[in-house]
Amino acid sequence: MSRPYLTGWLACILLASTAPPLHAQAPISRPLAELLNTHEPAWEFVSQWIRDAKNTVQVLPKTPARADSTLLAAQVTTRSPLGAIVYETGGLLIDEGWLRVLGSGSPALNRTLMGWNKDKPAGLLLIADDVLGGFYALNGGAFGPETLGKVFYFAPDNLRWEPTHKTYSEFLLFCLSGDLPAYYRNLYWKGWQQEVRALSGNQGIMCYPFLFTKEGKNTGKNKRSAVPVQELWSFGQSMQQQVNGSR
């Protein structure tokens, strides 16, 4: 794509890369009509990625009013894959629901992209998560200026934010058709599919012993219980501060 298509929060990434944050002018909020790109909608190729996906994908239905309000809050146009996911879906459940990509919310994944990011740390935008408390975030400055706009992964087995070196589009393609069994090879357990399918998109699995301990490395032998995703987030961030002290 040759022309700019990002506004709002993502535009701040571009501003931050060219000027000190204290001097960057906040972007003007744009109305819904300006965010809806009917000439080059990204959904045309995103939906093709979904049709061609090698991993199982459930596209959750959107609620129009919720899609409108979430797109307005995100201030990203539908010419971008992120805008397409927000505006055209309630979210995606990938790999039997192991991975959840946030959109505008749906009964099966009742979290909107921007609603979920409310009260989360500045400088990052949470875009997806997995059932074990792994979280994916776009870097808006929290992880340094060199990787602005790239996706980072909070790994529950070591309590660190790891660079994926992927843009949002590349991350989405990886979720849809990447080798997830290889990526999660140390975290899957026998019969995980049945346990994961029983969860809602607002739930995850807490393991004990904890995944970041020596005793907790064998997920299949751990005690596992369904908990709210917010609990996994809060627990992971709190333990990170105690164990690692920082990102």
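Residues numbered from 1 in each chain as written. Predicted model: local features only at pLDDT ≥ 70, side-chain atom pairs only at ≥ 80, totals over all residues. Heavy atoms only, no water.

### Let's talk about the side chain of Thr89
For step 1, the next point in the chain: Within the element layout of this structure, Thr89 appears in the loop between helix 5 (81-88) and strand 2 (91-94).
For step 2, the next point in the chain: By relative accessible area, which is 0% here, Thr89 ends up buried.
For step 3, the next point in the chain: Separated by 2.7 Å, the side chain of Thr89 and the backbone oxygen of Ile85 make a polar contact.
For step 4, the next point in the chain: Not counting the four nearest positions on each side in its chain, Thr89 is found in contact with Trp43, Val59, Leu60, Lys62, Ala84, Gly103 and Ser104. (Helix = DSSP H or I, 4+ residues; strand = E, 2+ residues; numbered from the N terminus. Buried < 20%, exposed > 50% of the residue type's maximum accessible area, 1.4 Å probe, protein only. Polar contact = N/O pair within 3.5 Å; in protein donor to acceptor, adjacent residues only side chain to side chain. Contact = heavy atoms within 4.5 Å.)

### Overview of the sheet that holds strand 6 (residues 151-155)
For step 1, the next point in the chain: The seven strands are arranged 1-2-3-4-5-6-7 in an open sheet whose pairing can be described as antiparallel. Of all the strands in the sheet, just strand 1 (57-60) and strand 7 (160-166) have a single pairing partner and so form its edges. Put simply, the sheet's adjacent strands are angled 25° from each other on average, direction ignored.
For step 2, the next point in the chain: Sheet topology places strand 5 (residues 135-139) next to strand 6; four bridges connect them, and they run antiparallel. (Pairing = 2+ DSSP bridges. Axes fitted to C-alpha atoms, helices over the stretch in contact; angles between N-to-C directions.)

### Topic: the pattern of salt bridges
For step 1, the next point in the chain: Throughout the structure, instances matching the rule amount to six salt bridges.
For step 2, the next point in the chain: The closest approach of N and O atoms between Arg30 and Glu34, which form a salt bridge, is 3.1 Å.
For step 3, the next point in the chain: Close ionic contact of Glu96 with Arg197 constitutes a salt bridge, the shortest N to O distance being 3.2 Å. On the criterion of sequence distance, the pair formed by Glu96 in the loop between strand 2 and strand 3 (99-102) and Arg197 in helix 9 (residues 192-197) is long-range, its members being 101 residues apart.
For step 4, the next point in the chain: Relative accessible area serves as the criterion here: at 30%, Glu96 is assigned to the partly exposed category.
For step 5, the next point in the chain: Among the ionic contacts, a cluster of salt bridges with common partners joins Arg100, Arg111 and Asp129. (Salt bridge = Lys/Arg side-chain N within 4 Å of Asp/Glu carboxyl O.)

### Regarding the packing of helix 5 against helix 7 (residues 168-177)
For step 1, the next point in the chain: The interhelical angle for the contact between helix 5 and helix 7, taken along N-to-C directions, is 60°, at an axis separation of 9 Å. When the interaxial angle is binned, helix 5 and helix 7 end up oblique. Packed against helix 5, whose contacting residues are Pro81, Leu82 and Ile85, the element helix 7 presents Tyr168, Ser169 and Leu172 at the interface.
For step 2, the next point in the chain: Across the contact of helix 5 with helix 7, the residue classes break down as five nonpolar, one polar and no charged. (Parallel < 35°, antiparallel > 145°, perpendicular 65-115°, else oblique. Nonpolar A, V, L, I, M, F, W, Y, C, P; charged D, E, K, R; others polar.)

### Topic: the confidence of the model for the chain
For step 1, the next point in the chain: Per-residue confidence for the chain averages 90 on the pLDDT scale, and 87% of its residues sit at or above 70.
For step 2, the next point in the chain: Confidence drops under a pLDDT of 50 for residues 11-26, and excluding neighbours within four residues, the segment shows 11 contacts in the predicted structure. (pLDDT = per-residue confidence, 0-100.)

### Section: helix 5
Since the α-helix packs 3.6 residues into each turn, any two residues three or four apart lie on the same face.
For step 1, the next point in the chain: Most of helix 5 is tucked away: seven of the eight residues are buried.
For step 2, the next point in the chain: Taken residue by residue, helix 5 has Pro81, Leu82, Gly83, Ala84, Ile85, Val86 and Tyr87 as its buried positions.

### Observations concerning the nonpolar core
For step 1, the next point in the chain: Core analysis: the largest hydrophobic core is formed by 67 residues, its most contacted members being Trp98, Ile127 and Trp161.
For step 2, the next point in the chain: Leave out the neighbours within four places in its chain, and Ile127 touches Arg100, Val101, Leu102, Leu113, Tyr136, Ala137, Leu138, Val151, Tyr168 and Phe171. (Core = buried A, V, L, I, M, F, W, Y, C linked by side-chain atoms within 4.5 Å.)

### Overview of unusual backbone geometry
For step 1, the next point in the chain: For the bond running from Tyr208 to Pro209, omega is 0°, close enough to zero to count as cis.
For step 2, the next point in the chain: Considering the arrangement of structural elements, one finds Pro209 in the loop between strand 8 (203-208) and strand 9 (223-228).
For step 3, the next point in the chain: Residues other than glycine seldom take positive phi values, yet Glu96 does so here, at roughly 65°.
For step 4, the next point in the chain: Unlike most non-glycine residues, Asp119 shows phi in positive territory, near 70°.
For step 5, the next point in the chain: Take Asp119: it is sitting in the loop between helix 6 (113-117) and strand 4 (124-130).

### Considering helix 4 (residues 64-74)
For step 1, the next point in the chain: Every buried residue of helix 4 is accounted for by Ala67, Thr70, Leu71 and Ala74. The buried residues of helix 4 occupy an angular sector of 100° when the element is viewed end-on, so they sit on one face.
For step 2, the next point in the chain: Among the residues trailing helix 4, Gln75 stands out with phi positive, at a value near 55°. (Arc of directions from axis to C-beta.)

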